[in-house]
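Read off the chains here:
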Amino acid sequence: MDVGLRQLVIDAWSWLNYKPVMAEAGRPGSRAFPELAKTWVPPHELRRLAAYKVLASYDNNQAGQLAAAGGDASALERRELGDAANLVDTALGYLLGSEQKVTVEGAEHADEETPTPGAAEAAAVQDRLRKWADKELLTFRVQQAERAAVLLGDSVMVLAWNPQKQRPTLRVYDPGFFFPQWDDEDDDFPTRVHLAWELPADDEAGLKARVRRVTYELGPINELDEQQVDGGAAAGGRTYPWEPGRTSNVTCYLTDAEWLLEDLKNGEMLDQLPMDKASFRVRPDGTELDRLDLMIDFVPVVHIANTIPDGGEHWGRSVLARVLQALDELAATDSDSSAASATTGTPIIGLAGARLPVDRATGKPQELQVKAGAVWQLGETGRMDALDTSPQLAELRARVDHLLERIASNSRVTAAGLGTLDATEVPSGYALKLALGPLDALIGMMRLAREHKYRVLFKMVQRLYQAGRAEGWTAGETLPARLAWAPHTPTDRAAVLEEVVTAYGAGVLSLETAVQMLLEAGYPIKDASQEVERIRAKVEQEAAVRMAEAAARRGPGEDQVGPREGSGPGAAEAKRPVEREGEPVAAGR
């Protein structure tokens with residue numbers, strides 16, 4: 001007898017192999033997700049797209065429906081109470097913190113008495129980037145992208161120059177639309193990227209089902225169309241404003257086209273769609289988007305991975321990845337607990353020797369119902385026994401608590417992070433800090449995975465401004481900028497304040513660093529540099545008042561009677577500023 005063995009696949013989505021919809025390595029999810037069976041979808045992308053579908057079903061409490069589509073009919077009765085979505089939202093909240101800010105290296109030194117070289121320029125770029133972030137709703141876009149990354153493992157952000165708004169626009173795309181083309185697996189960034197999705201048929205508008213593909217591709221500059229621009233070299237070369245003095249022969253081309261599904265044949269994958277059957281989109285100014293030269297030498301697409309990918313991989317891992325089976329167990333236990341609670345509240349009762357009422361119309365005994373106020377007549381030897389399922393219900397509830405604790409531990413969000421830890425079980429703040437240790441490591445790893453991607457994003461924003469010749473953006477090297485995250489756990493503000501006062505008073509911290517520490521601790525400081533200016537202005541004002549008071553106490557004739565200022569043994573003491581009680585010595589520094 002020929003016994004077919006299940007194929008073992010080990011890849012970035014192996015943790016989903018226990019799912020029937022992912023069991024078939026060749027066409028995963030083809031029954032549950034018929035849209036993945038389209039001919040234009042690359043076969044090597046099917047497992048990734050199917051994994052996104054499975055994770056989205058858990059987020060929407062549809063894992064039971066997914067299991068039913070895989071052949072488990074009983075899964076339709078599964079109770080799902082939002083535990084997966086709660087885990088995702090909790091991890092997302094800790095990742096984002098209370099706020100995010102755009103910072104440029106060196107900008108914090110612009111307001112010092114002796115600013116470092118380039119600090120003023122860095123502060124100006126930081127101010128412009130923050131204004132761009134406000135106009136483009138960066139906080140909103142980041143939350144959109146990061147929730148997809150935490151849930152699915154990946155997210156995609158796309159930049160484009162808008163001539164009407166005179167600024168780069170930022171949009172977030174579903175990672176299921178993202179198809180990068182790698183020339184070399186060792187490259188840091190792909191040289192060709194497709195964003196593709198299907199558009200359903202619209203009978204009322206007379207539109208047939210079609211597929212849309214937006215392509216960004218790096219390629220050589222067209223020598224026939226290249227002209228002399230701002231002193232750049234012609235005939236296949238161009239000088240970009242962010243690299244003055246260097247000629248490049250590379251540019252990015254944009255193609256936005258649609259194909260009717262009925263025109264596509266088998267074997268015509270996403271990267272080989274017939275261009276002779278394409279219908280190209282047109283910009284509002286009438287420009288056809290067929291290999292449009294964007295006048296930049298980079299692909300304005302940023303892929304964000306939730307975790308640091310393994311060697312040779314490019315995709316991240318969902319926060320649900322390692323606890324997905326535990327979530328299935330939790331849903332099954334909740335369903336059993338619901339059934340047990342029904343028999344506990346309305347128990348099963350056995351009667352012996354009971355006189356059952358008779359239906360006069362049919363002459364048959366009536367069915368007894370367990371309800372409040374019901375009276376049953378029993379004979380002399382009658383007996384009533386009730387089935388007690390409360391011990392089983394208590395055991396099921398204990399199992400639910402055990403599974404929740406296991407999920408919190410294995411996801412590294414921790415019981416303290418999920419808010420299920422009893423406060424009476426924490427003996428001290430240090431013990432709570434130890435309990436949050438795995439969460440600290442998780443958030444640190446997730447932020448590290450994003451650090452470089454947001455630096456690249458802000459570099460692209462600056463270069464798009466330069467390419468668009470926006471006001472205030474001159475040619476020159478792009479300054480390094482990053483996204484600064486607020487602390488993900490509550491900070492002991494009193495301890496931070498005491499540390500700052502002690503360190504600043506001892507002269508081991510500058511005023512700028514002290515204010516920055518207070519800002520990061522959660523004190524209501526809008527801008528660190530402005531706060532430093534206000535502190536210094538107040539110190540100078542108080543010093544002037546003290547000098548005026550000292551002059552008033554000396555009187556009008558004391559300057560002529562006493563020794564000349566700056567001479568005599570008491571001159572050094574006289575020059576010292578008058579200190580008020582409780583005021584740090586270094587306050588006027």
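Just above, that's the structure.
To keep things clear, this report deals only with the structure shown in the data block. The structure presented is a predicted model; accordingly, all values stated were derived computationally and were not measured.

The secondary structure content of the protein chain amounts to 16 helices and 15 strands. Residues counted as buried form 38% of the 589 residues belonging to the protein chain. Summed over its atoms, the accessible surface of the protein chain is roughly 33,600 Å², and 52% of this surface lies on carbon and sulfur atoms.

For the rest of this paragraph, the subject is helix α14 (residues 528-554). With 27 residues, α14 should reach 39 Å at 1.5 Å per residue; the first-to-last C-alpha distance of 40 Å fits that figure. Three or more residues of α14 are buried, namely A528, V532, R536, V539, R546 and A550.

Before going further, it helps to examine the sheet that holds strand β3 (residues 167-173). With antiparallel pairing, the three strands of this open sheet are ordered in space as β3-β2-β12. Edge positions in the sheet fall to β3 and β12 (301-305), since each has one partner strand and no second. Across the sheet, the mean angle separating the axes of adjacent strands is 25° when strand polarity is ignored. Strand contacts of helix α11 (residues 437-467): β2 (154-162), β3 and β12, with the helix running at about 165° to β12, the strand carrying the most contacts.

Here helix α13 (residues 511-520) crosses α14 at 125°, and the two axes come no closer than 9 Å. Taken as axis vectors, α13 and α14 run oblique relative to one another. Note that α13 runs across α14; the crossing there is right-handed. When α13 is examined against α14, the residues L511, E512, V515, Q516 and L519 are found in contact with a partner set consisting of A528, E531, V532, I535 and R536. Looking at the contact of α13 with α14, its residues break down into six nonpolar, one polar and three charged.

Counting 111 residues, the largest nonpolar core has W40, W132, L138, Y216, L320 and Y454 as its most contacted members. Ranked by the residues each element gives to this core, the list is headed by α11, at 12 residues. Contacts of W40, omitting those with residues within four sequence positions, involve F179, A196, W197, E198, V211, L261, L264, E268, M269, L270 and L273. Of all hydrophobic cores here, the second largest spans 12 residues; its members include V500, A514, V515 and L518.

Next up on the list: empty space enclosed by the protein. Tallied over the entire structure, the rule returns two cavities of 30 Å³ or more. Within this model, the largest cavity holds a volume of roughly 130 Å³. Residue lining of the largest cavity: 15 residues in total, with E80, D83, A84, L327 and A331 positioned closest to the centre. When residues of the lining of the largest cavity are traced back to their parent elements, those giving at least two are α4 (83-96) and α7 (324-345). Top contributing element to the lining of the largest cavity by residue count: α7, with five residues. Split by residue class, the lining of the largest cavity holds seven nonpolar, two polar and six charged. Of the residues contributing to the lining of the second largest cavity, the split by class is four nonpolar, two polar and three charged.

Applying the stated criterion across every chain, the model contains nine aromatic pairs. Pairing W40 with F179 gives two aromatic rings, centres 6.3 Å apart and planes at 75°, and the pair type is edge-to-face. With W40 in the loop between α1 (20-23) and α2 (46-59) and F179 in strand β4 (residues 178-181), this pair connects stretches of sequence that are 139 residues apart. Assessed through its relative accessible area of 1%, F179 is described here as buried. Ring centres of W161 and Y465 lie 5.9 Å apart, and the angle between their planes is 75°; on these two criteria the pair is classed as edge-to-face. Note that W161 is positioned in strand β2 and Y465 in helix α11, a separation of 304 residues in sequence. Among the residues examined, Y465 registers a relative accessible area of 8% and is labelled buried.

Turning to the pairing of strand β15 (residues 481-485), a few remarks are in order. The element β15 is extensively covered by neighbouring structure, given that four of its five residues are classed as buried. Here strand β1 (residues 100-104) pairs with β15 via five bridges, running antiparallel. Its bridge partner lying in β15, Q100 is registered against W485.

Bringing a negative patch on the surface into the picture now. A grouping of D401, E405, D422 and E425 is seen on the molecular surface, where their side chains present a negatively charged patch. Its place among the elements puts D422 in the loop between α9 (415-418) and α10 (429-435).

What follows deals with the pairing of β2. Among the nine residues in β2, seven count as buried, and that is most of the element. Judged from the five bridges that link them, β2 and β12 form a sheet pairing that is antiparallel. Across the sheet, the residue bridging to S155 is I304, located in β12. When β2 meets β3, the two strands line up antiparallel, connected through seven bridges. Within β3, the position partnered with L159 by the bridge is L170. Between β2 and β3, which pair antiparallel and follow one another directly, the connecting turn spans four residues, one of which, Q166, has a positive phi of 55°.

Looking now at a nonpolar patch on the surface. On the surface, a cluster of nonpolar side chains totalling about 320 Å² of accessible area is made up of L351, L356, L378 and M384. Mapped onto the secondary structure, M384 falls in strand β14 (residues 378-386).

Here is what the cut-offs are and how they apply
Residues numbered from 1 in each chain as written. Predicted model: local features only at pLDDT ≥ 70, side-chain atom pairs only at ≥ 80, totals over all residues. Heavy atoms only, no water. Helix = DSSP H or I, 4+ residues; strand = E, 2+ residues; numbered from the N terminus. Buried < 20%, exposed > 50% of the residue type's maximum accessible area, 1.4 Å probe, protein only. Areas by Shrake-Rupley, 256 points an atom, 1.4 Å probe, with all protein chains shown as cover. Expected span 1.5 Å × (residues − 1). Pairing = 2+ DSSP bridges. Axes fitted to C-alpha atoms, helices over the stretch in contact; angles between N-to-C directions. Contact = heavy atoms within 4.5 Å. Parallel < 35°, antiparallel > 145°, perpendicular 65-115°, else oblique. Left-handed = near helix turned anticlockwise from the far one by under 90°. Nonpolar A, V, L, I, M, F, W, Y, C, P; charged D, E, K, R; others polar. Core = buried A, V, L, I, M, F, W, Y, C linked by side-chain atoms within 4.5 Å. 1 Å grid on protein atoms, 1.4 Å probe; cavity = no way out; pocket = protein on both sides within 12 Å on 5 of 7 lines; lining within 4 Å. Points joined across faces, edges and corners; volume = space filled by probe spheres on them. Phe/Tyr/Trp six-rings, centres within 6.5 Å; stacked < 30°, edge-to-face > 60°. Patch = residues over 30% accessible without salt bridge, like charges linked within 9 Å, V, L, I, M, F, W, Y side chains within 5 Å. Salt bridge = Lys/Arg side-chain N within 4 Å of Asp/Glu carboxyl O. Lys, Arg positive; Asp, Glu negative; His and termini not counted. Charge placed at Lys NZ, Arg CZ, Asp CG, Glu CD.

These results come straight from atomic positions and should not be treated as a statement about function.
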